[in-house]
Amino acid sequence: MLKKALEDARLTVPEVWMKYFSIGGAAGEYEIDAYINGSLSLPPFQRDILAHAANELIDQLPARPRAPYSAEVAQRRAGDGRDANGLENDPSRRHRRNAGED
């Protein structure tokens, strides 16, 4: 699960190891790489420090876009004349746009 979290966050082993080491982790970068890839075991305390380091780095990443609720979409679209699906509210404009007249 740690490997998946790091891949999803696009974090590299050197980034995670540096954070891990800076907060008191005792394993070297190669050991961390081996652990992440399932080739080596770490003691539970070291695994927890590594998980904490990864989570701190993940928390620092920009928030990912979230799926908006209908009310949020409607509020955003109200000002630009589009419906909740992003289509023109005025059918005559939508037809012209689809026909390539805009």
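Rules used throughout
- Residues numbered from 1 in each chain as written.
- Predicted model: local features only at pLDDT ≥ 70, side-chain atom pairs only at ≥ 80, totals over all residues.
- Heavy atoms only, no water.
- Phe/Tyr/Trp six-rings, centres within 6.5 Å; stacked < 30°, edge-to-face > 60°.
- Helix = DSSP H or I, 4+ residues; strand = E, 2+ residues; numbered from the N terminus.
- Buried < 20%, exposed > 50% of the residue type's maximum accessible area, 1.4 Å probe, protein only.
- Core = buried A, V, L, I, M, F, W, Y, C linked by side-chain atoms within 4.5 Å.
- Contact = heavy atoms within 4.5 Å.

1. Side note on the packing of aromatic side chains
- Throughout the structure, instances matching the rule amount to one aromatic pair.
- Centre to centre, the rings of W17 and F21 are 5.1 Å apart; their planes meet at 25°, and the pair counts as stacked. Placement of the pair is W17 and F21 together in helix α2 (residues 13-22), with a separation of four residues, close to one helical turn.
- Residue class for W17 comes out buried when judged on its relative accessible area of 16%.
- We classify F21 as partly exposed; its relative accessible area is 47%.

2. So, the nonpolar core
- With 16 residues, the main nonpolar core has L6, L11, V16, Y20, I32, I36 and L50 as its most contacted residues.
- Only α1 (2-9), α2, α3 (29-36) and α4 (44-60) provide two or more residues apiece to this core.
- Beyond its immediate sequence surroundings of up to four residues, I32 is in contact with V13, W17, Y20, A27, L42 and L50.

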